[in-house]
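Observations on chain architecture
Chain residues, written in single-letter form:
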Amino acid sequence: MASLSGKVALVTGAASGIGTATADLLEATGAEVWRADVVPSVDLRLDVTEAAHWSAAVDRIMEASGRLDILVNAAGIAAGGGPASVEAVSIDHWRRVFAVNVEGTLLGCQQALRVMGRPAPGSIVNIASTAATAPSQALGAYGASKAAVVQLTRSVAAAAALAGLPIRCNCVQPGMADTPMTADMDPFYRQAWIAQIPAGRFAEPVEIARAILFLASEESAYVNGVSLPVDGGLLHRPVIAASRSDS
Ligand SMILES: NC(=O)c1ccc[n+]([C@@H]2O[C@H](COP(=O)([O-])OP(=O)(O)OC[C@H]3O[C@@H](n4cnc5c(N)ncnc54)[C@H](O)[C@@H]3O)[C@@H](O)[C@H]2O)c1
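Fair warning: this is a prediction, and the values are worked out from it, not measured in the lab.

Describing the overall build of the chain
Each helix and strand counted, the chain has six helices and seven strands in total. Along the chain, helices and strands appear, N-terminal first, in the series β-α-β-β-α-β-α-β-α-β-α-α-β. Against the globule reference of 18 Å for 247 residues, the chain gives a C-alpha radius of gyration of 18 Å, in line with a compact fold. Referenced to the eigenvectors of the C-alpha coordinate spread, the extents of the chain come out at roughly 60 × 45 × 35 Å. Among the 247 residues that make up the chain, the fraction classed as buried is 48%. Pairs at least 24 residues apart make up 71% of the contacts formed inside the chain by residues separated by at least 6 positions. On the chain, roughly 11,700 Å² of surface is accessible, and the fraction owed to carbon and sulfur atoms is 57%. Side chains of the chain carry 17 positive and 22 negative charges; the gap between the two charge centres is 4 Å.

Rendered as structure tokens:
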């Protein structure tokens, strides 16, 4: 993997899980990393749903570091309070999940389009989910919000290209990863998930971060507008999980 030396990166949701693993990996690869989150234990206090927070954070980075080359929109929530099923989800829950996962990602992409691409090409990496593709009756708002992130990613890539900006925008679709987001999962459902995953386990956060690093770096210079599953084969598992011994 090429060095990210001289690059400046902003990672949201950096206080936990995939965001922390990504910030650590980008830093280990040579980037100067700004860690942002809604909790205080980071470089930048940034609620991704607040447009004013975004412009203040990006202005601060531009003043201090003079450039922004990489944005990883890793902040996200799965639960918005109360029941999450399609039948019972409240409109408040739905709006909260969309506010963080979709509007938060949109606001970040808008800021990236404002400042990125000079003096070097920029790269935005959004975090969708396999839930964007595979339906889940238990996570109606979450799945719909992540499908919106996939399409927003394509739109941002297209907008940058039409504006002649050297900014790529891609997303990853993690499957199940061992982070605080999944830590409280009922063991029954955890086992049910594992039974569906060809890799036979949940991902370590760094395994998602490695794919994000690829999309963030110039190693993926010819990759734009895609959504990359990082899911242990979950989305492409065999439909029939059995084979005859004589075939
Ligand atoms: N863990 C999984 O299995 C999994 C699977 C697919 C996708 N994802 C996605 O990966 C991303 C990271 O998830 P994770 O598993 O590391 O979760 P996590 O809960 O460990 O971390 C999420 C981080 O986002 C921050 N955050 C929440 N709301 C915010 C806001 N309004 N502004 C700024 N920061 C905010 C939280 O404080 C937390 O630090 C999310 O977008 C999630 O939807 C996770």
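Describing the site of the ligand
Among the 29 residues in the neighbourhood of the ligand, the closest are listed as Ser16, Asp37, Tyr142, Ala177 and Thr179. At 3.4 Å from a nitrogen atom of the ligand is found a main-chain nitrogen or oxygen belonging to Val38. Side-chain polar atom of Asp47 to a nitrogen atom of the ligand: 3.0 Å apart, as the coordinates give it. Taken by itself the ligand offers 820 Å² of open surface, and the protein chains cover 92% of this. Looking at the shell around the ligand, the elements with two or more residues in it are helix 1 (17-28), helix 3 (91-115) and helix 4 (140-162).

With respect to the packing of helix 1 against helix 6 (residues 205-216)
Any two packed helices are characterised by how steeply their axes cross, that is the angle between the axes, and by the distance between the axes. Where helix 1 contacts helix 6, the axes come no closer than 8 Å and their chain directions differ by 55 degrees. Comparing the axis directions of helix 1 and helix 6 gives the class oblique. The handedness of the crossing between helix 1 and helix 6 is right-handed. Residues Gly17, Ile18, Ala21, Thr22, Leu25 and Leu26 of helix 1 lie in contact with helix 6, whose contacting residues are Pro205, Val206, Ile208, Ala209, Arg210, Ile212, Leu213 and Ala216. Its residues placed into classes, the contact of helix 1 with helix 6 shows eleven nonpolar, two polar and one charged.

Quick word on unusual backbone geometry
In this chain, Arg118 is followed by Pro119 through a cis amide linkage whose omega measures 5 degrees. Relative to the helices and strands, Pro119 is located in the loop between helix 3 and strand 5 (122-127).

Notes on the packing of helix 2 (residues 51-65) against helix 3
Interhelical geometry of helix 2 versus helix 3 gives an angle of 35 degrees and a closest axis separation of 10 Å. Two packed elements cross with a definite hand, and for helix 2 against helix 3 that hand is right-handed. Here helix 2 contributes Ala51, Trp54, Ser55, Val58, Asp59 and Met62 to the contact with helix 3, which in turn contributes Gly104, Leu107, Gly108, Gln111, Arg114 and Val115. Partitioning the contact of helix 2 with helix 3 into residue classes produces six nonpolar, four polar and two charged.

Examining the side chain of His93
Of note, His93 is situated in helix 3. A relative accessible area of 1% means that His93 is categorised as buried. Not counting residues up to four positions away in its chain, the partners in contact with His93 are Ala78, Ala79, Gly80, Gly81, Gly82, Pro83, Ala84 and Ala141.

As for the environment of Thr130
With respect to the secondary-structure elements, Thr130 resides in the loop between strand 5 and helix 4. Those residues in contact with Thr130 that sit more than four places away from it in its chain are Gln173, Pro174, Gly175, Asp231, Leu234 and Leu235.

Quick word on the pairing of strand 1 (residues 8-11)
Alternating residues of strand 1 divide into Val8 and Leu10 and Ala9 and Val11, and every residue in both groups is buried. Across four bridges, strand 1 lies against strand 2 (residues 32-37) in parallel orientation. Across the sheet, the residue bridging to Leu10 is Trp34, located in strand 2. Sheet topology places strand 1 next to strand 4 (residues 70-73); three bridges connect them, and they run parallel. Residue pairing for strand 4: Leu10 is matched across the bridge by Leu71.

Here we look at the sheet that holds strand 7 (residues 227-230)
Within the open sheet, the seven strands sit side by side as 3-2-1-4-5-6-7. Their pairing is parallel. Strands with a single pairing partner mark the edges of an open sheet, and in this sheet they are strand 3 (44-45) and strand 7. Pairing of strand 2 with strand 3 involves two bridges; the strand directions are parallel. Along strand 3, the bridge assignment pairs Ala36 with Leu44. Strand contacts of helix 3: strand 4, strand 5 and strand 6 (167-174), with the helix running at about 175 degrees to strand 4, the strand carrying the most contacts. Together, strand 4, strand 5, strand 6 and strand 7 form the strand contacts of helix 6, whose direction differs from that of strand 6 by roughly 165 degrees.

Here is what the cut-offs are and how they apply
- Residues numbered from 1 in each chain as written.
- Predicted model: local features only at pLDDT ≥ 70, side-chain atom pairs only at ≥ 80, totals over all residues.
- Heavy atoms only, no water.
- Helix = DSSP H or I, 4+ residues; strand = E, 2+ residues; numbered from the N terminus.
- Rg over C-alpha atoms; globule rule 2.2 N^0.38 Å.
- Buried < 20%, exposed > 50% of the residue type's maximum accessible area, 1.4 Å probe, protein only.
- Contact = heavy atoms within 4.5 Å.
- Areas by Shrake-Rupley, 256 points an atom, 1.4 Å probe, with all protein chains shown as cover.
- Lys, Arg positive; Asp, Glu negative; His and termini not counted.
- Charge placed at Lys NZ, Arg CZ, Asp CG, Glu CD.
- Near = heavy atom within 4 Å.
- Polar contact = N/O pair within 3.5 Å; in protein donor to acceptor, adjacent residues only side chain to side chain.
- Axes fitted to C-alpha atoms, helices over the stretch in contact; angles between N-to-C directions.
- Parallel < 35°, antiparallel > 145°, perpendicular 65-115°, else oblique.
- Left-handed = near helix turned anticlockwise from the far one by under 90°.
- Nonpolar A, V, L, I, M, F, W, Y, C, P; charged D, E, K, R; others polar.
- Pairing = 2+ DSSP bridges.

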